[in-house]
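An overview of the molecular structure
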Amino acid sequence: MYSENDKPQLSLSGTKMMEGNMQVSYSAKISKQKQYKELMEKKQKEEMLQEIKEQKEQVKEGAEKQTISNLQEQIQHYQEQQAEKTPRKPAFKRLKSFKEMEIIEKLEYLLNFPKQLPPVPCLVITANENVRGFVIDLKEDKVDIKLMDQTTITLNLPAIQEVRMIGI
């Protein structure tokens, strides 16, 4: 416990005498106390870390169980929703081809043809005649057609049997 310099010696009066510096002895005692405190703090930190690790493991196990049960619930909920849904409608309404349209639809299509494109000439077939030209107006039961020679003719809708698009 004592170093060679710090060995107690008896004085002439019979009391122990310390050789060496008293300050060094006190500093050694303080450093030992600091080391002891540091050692104790280190043990406490290790114990706390161990407890935290154990808690994390418990949380992971619980989270895995919850995740599995949560996934099963979500899958079941999704399947129920799919069973309840009506057949899905397409995002875009399918347009009919010109040949599939009724006579009124064909005339409206030709009348409302995009202005960026040149007008489409058509062949309008009636019981009496075949008329070639461009649809320029559509009224309740009459249609105005501009002929190739720039004259305009008016036809009754019930008299029209067929409308075809033709190229120039």
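Structural notes, computed from the coordinates. (Residues numbered from 1 in each chain as written. Predicted model: local features only at pLDDT ≥ 70, side-chain atom pairs only at ≥ 80, totals over all residues. Heavy atoms only, no water.)

1. A few points about the pattern of salt bridges
When the charged atoms of two side chains with opposite charge come close together, those side chains can pair. Under the defined criterion, the tally for this structure stands at four salt bridges. Here Lys139 ties to Asp137 by a salt bridge, and the two come within 3.7 Å at their closest N and O atoms. We classify Lys139 as partly exposed; its relative accessible area is 49%. Residue class for Asp137 comes out partly exposed when judged on its relative accessible area of 27%. Between Lys139 and Asp144 there is a salt bridge, with its nearest N and O atoms 3.8 Å apart. (Salt bridge = Lys/Arg side-chain N within 4 Å of Asp/Glu carboxyl O. Buried < 20%, exposed > 50% of the residue type's maximum accessible area, 1.4 Å probe, protein only.)

2. Brief notes about the sheet that holds strand S5 (residues 142-147)
Each strand in a sheet pairs with another by means of backbone hydrogen bonds, the pair being arranged parallel or else antiparallel. Within the open sheet, the five strands sit side by side as S6-S5-S4-S3-S7. Their pairing is antiparallel. Edge strands, defined here as strands with exactly one partner in the open sheet, are strand S6 (152-156) and strand S7 (160-165). In this sheet, neighbouring strand axes are inclined to one another by 45 degrees on average, regardless of whether the strands run parallel or antiparallel. By the bridge criterion, five bridges tie strand S4 (residues 130-138) to S5 in an arrangement that is antiparallel. Bridge pairing links Phe134 to Lys146 in S5. Where helix H2 (residues 103-111) meets the sheet, it contacts strand S3 (122-126), S4, S5 and S7, and its direction lies at approximately 40 degrees from that of S7. (Pairing = 2+ DSSP bridges. Helix = DSSP H or I, 4+ residues; strand = E, 2+ residues; numbered from the N terminus. Axes fitted to C-alpha atoms, helices over the stretch in contact; angles between N-to-C directions. Contact = heavy atoms within 4.5 Å.)

3. A word on the pairing of S3
Taking burial as the measure, the five residues of S3 include five buried ones, the bulk of the element. Burial along S3 is two-sided: the residues Cys122, Val124 and Thr126 and Leu123 and Ile125 are all buried. In the sheet, S3 pairs with S4 via four bridges, with the strands oriented antiparallel. Counterpart to Cys122 in the pairing with S4 is Gly133.

4. Let's talk about H2
The complete set of buried residues in H2 reads Lys106, Leu107 and Leu110. Within H2, the buried residues cover an arc of 95 degrees as seen down the axis, which keeps them to one side. In this fold, the buried residues of H2 make contact with S3, S4, S5 and S7. (Arc of directions from axis to C-beta.)

5. Description of the packing of aromatic side chains
Across all of its chains, the model carries two aromatic pairs by this definition. Between Phe98 and Tyr109 the ring centres are 5.8 Å apart and the planes differ by 55 degrees, which places this aromatic pair in the tilted class. With Phe98 in the loop between helix H1 (22-84) and H2 and Tyr109 in helix H2, the pair connects residues that are eleven residues apart, well separated along the chain. The exposure class of Phe98 is buried, given its relative accessible area of 14%. Accessibility expressed as a relative area gives 36% for Tyr109, which makes it partly exposed. Ring plane angle 80 degrees and centroid distance 5.8 Å describe the contact between Tyr109 and Phe113, whose orientation is recorded as edge-to-face. With a relative accessible area of 14%, Phe113 lands in the buried category. Chaining the aromatic ring pairs together yields one cluster made of Phe98, Tyr109 and Phe113. (Phe/Tyr/Trp six-rings, centres within 6.5 Å; stacked < 30°, edge-to-face > 60°.)

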